[in-house]
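Structural overview
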Amino acid sequence: MVNQTIAELRNVTKRFGAVTAAEGLDLAIFQGEFLSFLGPSGCGKTTALRMLAGFEQASEGDVLIDGTVVNRVPPYQRPVNMVFQQYALFPHMDVARNVAYGLNQRRPRLARADIAAKVARALDMVRLPGFADRRIWEMSGGQQQRVALARAIVNEPKILLLDEPMAALDKKLRHDMQIELKSLQRELGITFVLVTHDQEEALSMSDRVCIMHRGRIAQIGTPEELYDQPQNRYVADFIGRSNFISARALGRDGERLVAEGPGGLRFVARAAEKTAGEGAVTLSLRPEEIRVAPDGVAAQGHEMQVMHRIFLGEHVEYHLRSKALDHLIAVVPRSTDIAEGTPGVGVTVRVSWRDGAALALAED
Ligand SMILES: Nc1ncnc2c1ncn2[C@@H]1O[C@H](COP(=O)(O)OP(=O)(O)OP(=O)(O)O)[C@@H](O)[C@H]1O
């Protein structure tokens, strides 16, 4: 299927006085996808969302929705709706009037019965049937969030913009809502654009994630692409965990790069696109790529000392040290750990990884 673009940022920069909140953003958002802006506080993700909504205007560049430049189109004339972190519900109105709010503003007016039918359908979609007459203050945080969602989807926007919509919920509820939000998006088939600083949230729900760093896009990709092929150290560090090892590239053979690490350790690494075939490189080695076996069980591999062993239930985390590598983290499934003889603190182990487990990154 060919991806159809529903919205676009073309070389968009946003300045607030001396602060550049977003710089040179280039991004196409596809019809029907779930896209997240992910990054730490202050990286510009909310600004990007607010420019799509029309609450902020780009200082430079163009914002397009449905093929039209909307730079000067006010929020209420854009085919988008936004769900805010604090929901922004009207506490003095009941649920139905909150949900119907946007519909009641339409001119020409909609028939009462049509409004009631649309509201009932939206409440069904967010799994709040029969809640129409409830007061907002009688509802839990999770229920209020669903009302906010219903109020946004009732207008049938082309794009639903969500600004940290789950920030106010506790962890368990947040997890349940993530699953619900994803299935709601699938059911509606409309484009969702989410802002979050929670990587698990972004990875679990999104078709694509746009990782932001200091106002710029660090990388856009599917969760798997970002995890397996980070283009730079920032992304490798931000998505999941990684051991970073300074090494020297000895040569490149297509996508494989041979590198020498500290203490003469040799690596056959995958190479990110921009990585040169020689000189200094940083290797990223995911903790779960590392095999840990007591000396004697494994005959091959780099000899290291177990400094800490942390039992995490399904997994066991090892903190290891050798002369060459002063800190390596390995995470092994519990069943593998048992099979390898559960090496304890102080034990000498041999660690190994398959060719291609490490990824060579260009120096940032
Ligand atoms: N209205 C404004 N006036 C001045 N500076 C602003 C304004 N809005 C945002 N900024 C600045 O722009 C930068 C990016 O802000 P933005 O809110 O987009 O970041 P964010 O990634 O969404 O962060 P957070 O997760 O904390 O909301 C920050 O340095 C912020 O202080």
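Residues numbered from 1 in each chain as written. Predicted model: local features only at pLDDT ≥ 70, side-chain atom pairs only at ≥ 80, totals over all residues. Heavy atoms only, no water.

The name given to the protein chain in an unreviewed UniProt entry is Spermidine/putrescine import ATP-binding protein PotA, and the organism recorded there is Mycoplana ramosa.

The description of two packed helices rests on the angle between their axes and on the distance between the axes. As a packed pair, helix H2 (residues 95-105) and helix H4 (residues 141-153) sit with axes 7 Å apart at the nearest point and diverge in direction by 35°. Considering the relative orientation of H2 and H4, their crossing is right-handed. On H4, the residues that touch Val 95, Asn 98 and Val 99 of H2 are Val 147, Ala 150 and Arg 151. Looking at side-chain class alone, the contact of H2 with H4 contains four nonpolar, one polar and one charged residues. (Axes fitted to C-alpha atoms, helices over the stretch in contact; angles between N-to-C directions. Helix = DSSP H or I, 4+ residues; strand = E, 2+ residues; numbered from the N terminus. Left-handed = near helix turned anticlockwise from the far one by under 90°. Contact = heavy atoms within 4.5 Å. Nonpolar A, V, L, I, M, F, W, Y, C, P; charged D, E, K, R; others polar.)

The subject of this paragraph is the site of the ligand. Looking at the ligand, the residues that line it are Phe 16, Val 19, Ala 21, Pro 40, Ser 41, Gly 42, Cys 43, Gly 44, Lys 45, Thr 46 and Thr 47. In the model, an oxygen atom of the ligand is placed 3.0 Å from a nitrogen or oxygen of the Cys 43 main chain. The contact in question runs from an oxygen atom of the ligand to an N or O atom on the side chain of Thr 46, over 2.4 Å. When isolated, the ligand has an accessible area of 630 Å², and the protein chains bury 59% of it. Every element with two or more residues in the shell around the ligand is listed here: strand S2 (19-30) and helix H1 (45-53). The element that contributes the greatest number of residues to the shell around the ligand is H1, accounting for three residues. (Near = heavy atom within 4 Å. Polar contact = N/O pair within 3.5 Å; in protein donor to acceptor, adjacent residues only side chain to side chain. Areas by Shrake-Rupley, 256 points an atom, 1.4 Å probe, with all protein chains shown as cover.)

UniProt's feature table lists "domain: ABC transporter" (unreviewed entry) at residues 7-239, given in the numbering used throughout. Secondary structure content for residues 7-239 is 36% helix and 27% strand, and the end C-alpha separation is 25 Å. (UniProt positions renumbered as here; feature names shortened; annotations may be inferred.)

Across its 13 residues, H4 extends 19 Å between first and last C-alpha, which sits within 8% of the 18 Å expected from 1.5 Å per residue. The element H4 is extensively covered by neighbouring structure, given that eleven of its 13 residues are classed as buried. Considered for burial, the residues of H4 that qualify are Gly 142, Gln 144, Gln 145, Arg 146, Val 147, Ala 148, Leu 149, Ala 150, Arg 151, Ala 152 and Ile 153. Of the surrounding secondary structure, the elements contacted by the buried residues of H4 are strand S6 (80-83), H2, helix H3 (112-125), strand S7 (159-163) and helix H5 (171-188). (Expected span 1.5 Å × (residues − 1). Buried < 20%, exposed > 50% of the residue type's maximum accessible area, 1.4 Å probe, protein only.)

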